[in-house]
Amino acid sequence: MSNTYKRKKEYYVSLQQNALSLTQDYQKQSSHLTLMRTMCFLALIFSLAGAYDGLTIGLLLSPILFIAFVVLIRRHNQLKAKQRHLDNEIAVLQDYLSRFDNSWSSLPVDGQEFCRANRPQDVDLHIFGSASLFQYLCAARTKGGRTALSKALSPVPPARDVILRRQDGVRELLEHPRLCVDLEALARLLPAGHDTTPLIQNIGSHHQHISHTLQRTAWILPLLTFFSLAMATGDMVDWHIPGLFVLLQFTIAMIFHRQNQAILAPLHTLHQELHIYQTLFVRLSETNFTGKTLAGLAVKLSGGAVPALQKLARLADHVNLCRNLFFFVLGNALLLWDCHCAARFSRWQDNAAHELKDWLDAWAEMELYLSLAIAGHTREQYCFPKILDGAPQLKTTALTSLLLDASKAVPNDTTMSAETRIITGSNMSGKTTYMRTLASSLVLAYAGAPVCARSFAFTPMRIFTSIQVHDDQSQGISTFYAELLRIKQMVDFCKKQQPMFICIDEIFKGTNSADRIIGAREAIARLTQPYCLMLVSTHDFELCDIESPNNTPVTNFHFAEYYEDNRIKFDYTIKNGRCQTTNAQYLLKMAGIL
């Protein structure tokens, strides 16, 4: 393990240790505040009892103790909020460390729900599912963020400007590891997989209004009520007058109660989420980003989202005060509280609701960048891929797979232009892993993520694979026929003469050797084109003699084993030429079959 890799791991270990130490301090403070609250409450009870008995000291101490009790409750709640954030931070840091100790495959979110039956690359390249790219990278808490990551991890390259924009955002986040931890910890206050669709539909889509007459009434009646109360206090009018105003307001509040509750219903259920998004947006707006991508996001959120969500979160707090029956009666009898809240919410919808979806989409985009940055935060060697122009090509130096243990992964160099490579080698020598590493690194490059290499350059190409092929009994499809369908998909797309990157593992392994060689020759000939980069692994040495049907070269590469102390070993390094050895009989003996 190199010093750079150790320093990265030690950084997150240090953050976790500091958080654990701070947790102990918070627990002590919480115990102290609990004791003080209890003592203050008991003192308040005795003080009120003394005041009831006419003791002057009780009258003096009661309001002081009440204020002290309220202050202690507020401080205790603030401490609990800090403790929740700290607990989330510890959990986030543990997830980071799991990528260093290679236990990340136990992370709960693997993106299996995004796997498409008609896109075999998802399984072949371990894009989704257990021990997948998605599981390694995902730092998104919301459904929108996870969906954005699933769309980015695609075998179909997006436009160049999309890749460059994502790279710009991820590159800047790699300079702010502490910010990434803070944002992920704040987002964990949301429910796992939080779906913002109800938030958008309930708050952003439904516009109901209360009448202007009721709005004016909600201002005039409370003023008249308080004015009459002041006059009654000065014996200028009878107390029946303010009493009638109070009764009138409460009656109006009850008449329009159902309408007001229909308008305010979203704020009853979503006020916690509103506060969390407000906190996230404030944190982003306070960060001094310099890159175009993140600076643009921050400006977008700080300009409209932060003040608008602050107003809405404050309004949600005011609405939820009426969950207290005492406040509900008093607030509506004196102030027509629900009518005011409904009017304020209607105005907010008119002014800001149409932008809510854009703001939440901006956070989903931020979660995409946080996820893509994980590879850079947790790997010693990485680079941002360079997009090349011209004919299809792929150039890598010291490339390894993100899904392999960094301390054990063997790097390989690759330089390919339009060509077909026949890859031979003994069992377990690394043929399939090599192909997967190249193809999955292209997926990461298309997403805008860094890849595990010293250098990586590519032209955008559509990725096709035939690696993990299975039969389908429900459809009556054999393994061989399933592979034929994969190859047919490649041949059909090839007719479009668009750039392709093709990986075929042990071609036509589901049939007899004679038919396999005939079929493989024909398939390889059709896919050997000047716009295709193709890798074909095989145990059939006859395929090493295939000649190109055009000017596109067909070359041979191999992986080999060696023996030490009568034990088979592999160096997992690709070499020129065809393989000269086999190891099947040795493995059969090792398994006790021969």
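This one's a predicted model, so the numbers in the text were calculated from it and none came from an experiment.

Caption draft 1: Representation of the packing of aromatic side chains within the structure. With the rule as written, the count across this model stands at 17 aromatic pairs. Judged by centre distance (5.2 Å) and plane angle (80°), the rings of Tyr-11 and Tyr-12 are edge-to-face. Under the relative-accessibility criterion, Tyr-11 is labelled partly exposed at 32%. Look at Tyr-12 and you get buried, because its relative accessible area is 2%.

Caption draft 2: The nonpolar core, seen in detail. Ranked by size, the top nonpolar core spans 128 residues in total, and within it Leu-137, Leu-153, Ile-203, Leu-267, Phe-281, Trp-363 and Phe-501 carry the most contacts. Per-element accounting of this core gives the leading share, 13 residues, to helix 13 (residues 292-320). If you look at the next biggest cluster of nonpolar residues, it comprises 25 residues, including Met-500, Ala-520, Tyr-531 and Cys-532.

Caption draft 3: A look at unusual backbone geometry. Positive phi is not limited to glycine here, since Gln-497 has a value of about 60°. Along the polypeptide, Gln-497 turns up in the loop between helix 19 (479-494) and strand 7 (500-504). With a phi close to 50°, Phe-508 is a non-glycine residue in the positive phi region. In this fold, Phe-508 is placed in the loop between strand 7 and helix 20 (513-527).

Caption draft 4: Molecular detail of the packing of helix 11 (residues 257-269) against helix 12 (residues 271-285). Running from N to C, helix 11 and helix 12 point in directions that differ by 65°, and their axes come no closer than 4 Å. Here helix 11 contributes Leu-267, His-268 and Thr-269 to the contact with helix 12, which in turn contributes His-271, Glu-273 and Leu-274. Classifying every residue of the contact of helix 11 with helix 12 gives two nonpolar, three polar and one charged.

Caption draft 5: Expanded view of the pattern of salt bridges. Summed over all chains, the structure comprises 17 salt bridges. Its salt-bridge partner being Arg-160, residue Asp-389 comes within 2.3 Å of it at the nearest N-O pair. Of this pair, Asp-389 sits in the loop between strand 1 (386-387) and strand 2 (393-399) while Arg-160 sits in helix 6 (residues 160-173), and the two are 229 residues apart along the sequence. By relative accessible area, which is 59% here, Asp-389 ends up exposed. Here Glu-522 ties to Arg-526 by a salt bridge, and the two come within 3.2 Å at their closest N and O atoms. You can see Glu-522 and its partner Arg-526 sitting in helix 20, four residues apart, about one turn around the helix. We classify Arg-526 as partly exposed; its relative accessible area is 47%.

Caption draft 6: Spatial organisation of a nonpolar patch on the surface. Judged by side-chain polarity, Phe-41, Leu-42, Ile-45, Phe-46 and Leu-48 come together as a nonpolar surface patch covering roughly 520 Å² of accessible area. Counting through the fold element by element, Ile-45 comes out in helix 1 (residues 3-52). Since its relative accessible area comes to 42%, Ile-45 is described here as partly exposed.

The rules behind these values
- Residues numbered from 1 in each chain as written.
- Predicted model: local features only at pLDDT ≥ 70, side-chain atom pairs only at ≥ 80, totals over all residues.
- Heavy atoms only, no water.
- Phe/Tyr/Trp six-rings, centres within 6.5 Å; stacked < 30°, edge-to-face > 60°.
- Buried < 20%, exposed > 50% of the residue type's maximum accessible area, 1.4 Å probe, protein only.
- Core = buried A, V, L, I, M, F, W, Y, C linked by side-chain atoms within 4.5 Å.
- Helix = DSSP H or I, 4+ residues; strand = E, 2+ residues; numbered from the N terminus.
- Axes fitted to C-alpha atoms, helices over the stretch in contact; angles between N-to-C directions.
- Contact = heavy atoms within 4.5 Å.
- Nonpolar A, V, L, I, M, F, W, Y, C, P; charged D, E, K, R; others polar.
- Salt bridge = Lys/Arg side-chain N within 4 Å of Asp/Glu carboxyl O.
- Patch = residues over 30% accessible without salt bridge, like charges linked within 9 Å, V, L, I, M, F, W, Y side chains within 5 Å.
- Areas by Shrake-Rupley, 256 points an atom, 1.4 Å probe, with all protein chains shown as cover.

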